[in-house]
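The residues making up each chain are set out below.
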Amino acid sequence: MDPVEALRRIAFLLEWRDASPYRVRAFHTAADAVLALPAGPVDAARARALRGVGPVTAEVIAQASAGAVPGYLARLEEETGPAALASWDLASASLGDCHLHSDWSDGGSPIEEMAEAAGALGHRWAVLTDHSPRLTIAHGLGADRLRRQLAVVAAVNARSATGLRLLTGIECDILEDGALDQEEELLARLDVVVASVHSGLRSEPGPMTARMVAAARSPHVDVLGHCTGRIITGRGRPQSRFDAREVFAACAESGTAVEINCRPERRDPPDDLLRQAVEAGCLFAVDTDAHAPEQLRRQSTGYARAARAGLGAERLVTTWPLGRLLDWTAGPPPGR
């Protein structure tokens with residue numbers, strides 16, 4: 001078994017079991033580190049020397065690189081049972097990712113590298129969603145820079161060697177009054193718009209609810225990004241307060257997908273809100289919110305959460321073929 005696959009699969013099963021985000025992230029971090037190693041057996045001591053690899057993950061690497069199923073993985077598979085193992089197929093059905101960043105805003109890699117990495121994973125499409133201008137700390141794109149980026153995306157697609165279609169998009173700030181932080185004419189030209197709250201996260205529930213409902217009902221918005229804004233690792237950040245029933249009802253009525261954000265520090269929405277969104281009849285996008293190529297590989301843990309919530313591929317837009325996805329984003333709400 002490939003060590004990277006073994007480590008990602010362990011992270012998936014830990015997510016399925018609702019393990020600590022630190023444990024899940026540890027296996028993803030180790031998988032990222034192993035990418036730098038050549039193929040072939042690696043002993044635990046050599047693996048342990050890699051940054052971000054501890055004694056447990058080093059042993060997994062050593063066993064997998066020698067062609068064995070790591071003991072840690074075998075125990076997890078036995079403990080989680082067939083339902084968790086079957087849900088791995090849902091992750092394997094992924095065809096795209098609606099949320100990734102490049103070095104045009106706060107990502108660390110050029111657009112072409114992000115596209116190549118997504119294509120190498122087997123994605124058929126991915127959406128470039130750099131930030132909108134108000135998020136100056138993330139070097140958000142004003143209208144002129146976004147127009148230039150559209151031309152760059154077209155050039156990347158013309159040179160693509162993987163067959164991946166990079167879609168135009170934006171992660172657009174939802175302003176305090178519910179308006180969107182970009183010119184309407186440009187938003188209408190984009191393939192996919194992810195709308196997220198990045199400021200005033202401690203607003204009172206009433207104004208926050210109105211703000212999010214307005215965005216969910218916008219004809220330009222396709223995905224409601226990391227809806228609570230919480231951070232659950234390090235110093236953390238509490239989730240914002242809003243009427244989830246009202247927000248998710250607006251998403252369901254408008255055909256706006258709720259994002260299942262795969263970043264270990266976010267796990268957004270929390271499980272209780274994810275269940276509410278499922279019950280409301282929402283669509284979902286399992287997104288990495290990747291800021292570097294290796295982070296694109298963390299999508300499987302989002303699918304673990306989706307499967308645990310009872311979702312199938314029909315309600316996960318990131319499993320849809322390109323044509324269906326674009327028909328959905330272009331269609332008039334409601335009932336896209």
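See the structure printed just above.
Now for a description of the structure that goes with this document.

Moving on to the packing of helix α1 (residues 3–16) against helix α5 (residues 71–92). Following both chains from N to C, one finds α1 and α5 inclined at 85 degrees, their axes separated by 9 Å at the closest point. Accordingly, the angle class assigned to the pair α1 and α5 is roughly perpendicular. Along the contact surface, α1 presents Ala6, Arg8, Arg9, Ile10, Phe12, Leu13, Leu14 and Trp16, while α5 presents Tyr72, Leu73, Leu76, Glu77, Thr80, Ala83, Ala84, Leu85, Ser87, Trp88 and Ala91. Across the contact of α1 with α5, the residue classes break down as 14 nonpolar, two polar and three charged.

Summed over all chains, the structure comprises 20 salt bridges. In this structure, Glu185 and Arg147 form a salt bridge, with 3.3 Å as the shortest nitrogen-oxygen distance. In this pair, Glu185 is assigned in helix α8 (residues 184–189) and Arg147 in helix α7 (residues 143–159), connecting sequence segments 38 residues apart. Close ionic contact of Arg189 with Glu185 constitutes a salt bridge, the shortest N to O distance being 3.7 Å. Here Arg189 and its partner Glu185 are both found in helix α8, four residues apart, which amounts to about one turn of the helix. A residue is classified by how much of its surface remains accessible, and Arg189, at 46% relative accessible area, is partly exposed.

Now for the nonpolar core. Leu166, Phe248 and Phe284 are the most contacted members of the largest nonpolar core, which totals 92 residues. Considering each element in turn, this core owes the most residues, nine residues, to α1. Once residues lying within four places of it in the same chain are set aside, the contact partners of Phe284 are Ala257, Val258, Ile260, Leu274, Ala277, Val278, Leu311, Arg315, Leu316, Val317 and Thr318. Grouped together as the second largest cluster of nonpolar side chains are 14 residues, Val192, Val223, Ala257 and Val317 included.

Turning our eyes to something else, we now look at the sheet that holds strand β2 (residues 165–173). Judged by pairing direction, the sheet is parallel, and its six strands sit side by side in the order β1-β2-β3-β4-β5-β6 without closing on themselves. Each edge of the open sheet carries a strand with a single partner, namely β1 (125–128) and β6 (284–287). Sheet topology note: the β1/β2 ladder contains four bridges and is parallel. In the sheet register, Val127 faces β2, and the bridge partner there is Leu167. The strands that α7 touches are β1 and β2; relative to β2, the one it contacts most, it runs at about 155 degrees.

A few words now on the packing of aromatic side chains. Summed over all chains, the structure comprises three aromatic pairs. Here Phe27 and Tyr72 contribute two aromatic rings whose centre-to-centre distance is 5.2 Å and whose plane-to-plane angle is 40 degrees, an arrangement assigned as tilted. Residue Phe27 is located in helix α2 (residues 21–34), and its partner Tyr72 is located in helix α5; the two are separated by 45 residues in the primary sequence. As far as the burial class goes, Phe27 and Tyr72 line up, both buried. A centroid spacing of 5.8 Å and a plane angle of 85 degrees characterise the contact between Trp320 and Trp328, whose relative ring orientation is edge-to-face. Residue Trp328 is classed as buried on the basis of its relative accessible area of 2%. Stacked on the ring of Trp88, the Lys or Arg Arg9 has its end atom at 5.0 Å from the ring centre. Seen from the ring of Trp320, Arg324 lies directly overhead, with NZ or CZ sitting 3.9 Å from the centre.

Conventions adopted
- Residues numbered from 1 in each chain as written.
- Predicted model: local features only at pLDDT ≥ 70, side-chain atom pairs only at ≥ 80, totals over all residues.
- Heavy atoms only, no water.
- Axes fitted to C-alpha atoms, helices over the stretch in contact; angles between N-to-C directions.
- Helix = DSSP H or I, 4+ residues; strand = E, 2+ residues; numbered from the N terminus.
- Parallel < 35°, antiparallel > 145°, perpendicular 65-115°, else oblique.
- Contact = heavy atoms within 4.5 Å.
- Nonpolar A, V, L, I, M, F, W, Y, C, P; charged D, E, K, R; others polar.
- Salt bridge = Lys/Arg side-chain N within 4 Å of Asp/Glu carboxyl O.
- Buried < 20%, exposed > 50% of the residue type's maximum accessible area, 1.4 Å probe, protein only.
- Core = buried A, V, L, I, M, F, W, Y, C linked by side-chain atoms within 4.5 Å.
- Pairing = 2+ DSSP bridges.
- Phe/Tyr/Trp six-rings, centres within 6.5 Å; stacked < 30°, edge-to-face > 60°.
- Lys NZ or Arg CZ within 6 Å of the ring centre and 35° of its normal.

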